[in-house]
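Reading the structure
These are the residues of each chain, in order.
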Amino acid sequence: MVTNAIRLSEDIMKAAVTYAPINSRSIPKQIEHWVKIGRIAEENPDLPYEFIKGVLEAKSEMENGEVSEFRFRKK
């Protein structure tokens, strides 16, 4: 991971300080999360936020082995 100092507006920093503990993240991780969501949203403008969030949650669950096989019922 590369570490760089960047300048952010006071409003962004205040928001990050507020939201980071709510989401159990450090302030840099909260900002990183917002950047990731924003990038995905810009690349996929037709996808709603909740869908993007759900996909990221599912990806994280898969990466952490929190998955089980789904079986369809036979008719």
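On a predicted model such as this, the values are computed, not experimentally measured, just so you know. (Residues numbered from 1 in each chain as written. Predicted model: local features only at pLDDT ≥ 70, side-chain atom pairs only at ≥ 80, totals over all residues. Heavy atoms only, no water.)

Turning our eyes to something else, we now look at the packing of helix H2 (residues 27-43) against helix H3 (residues 49-63). It is at 11 Å that the axes of H2 and H3 come closest, and there the two elements cross at 115 degrees. Regarding H2 and H3, the two cross each other, and that crossing is right-handed. Contacts between H2 and H3 involve His33, Lys36, Ile37, Ile40 and Ala41 from the former and Tyr49, Ile52 and Leu56 from the latter. Grouping the amino acids of the contact of H2 with H3 by side-chain chemistry returns six nonpolar, one polar and one charged. (Axes fitted to C-alpha atoms, helices over the stretch in contact; angles between N-to-C directions. Helix = DSSP H or I, 4+ residues; strand = E, 2+ residues; numbered from the N terminus. Left-handed = near helix turned anticlockwise from the far one by under 90°. Contact = heavy atoms within 4.5 Å. Nonpolar A, V, L, I, M, F, W, Y, C, P; charged D, E, K, R; others polar.)

Attention now moves to H2. The end-to-end C-alpha distance of H2, which contains 17 residues, comes to 25 Å, matching closely the 24 Å that a straight helix rising 1.5 Å per residue would cover. Burial in H2 covers these residues: Gln30, Ile31, His33, Ile37 and Ile40. Against helix H1 (10-22) and H3 lie the buried residues of H2. (Expected span 1.5 Å × (residues − 1). Buried < 20%, exposed > 50% of the residue type's maximum accessible area, 1.4 Å probe, protein only.)

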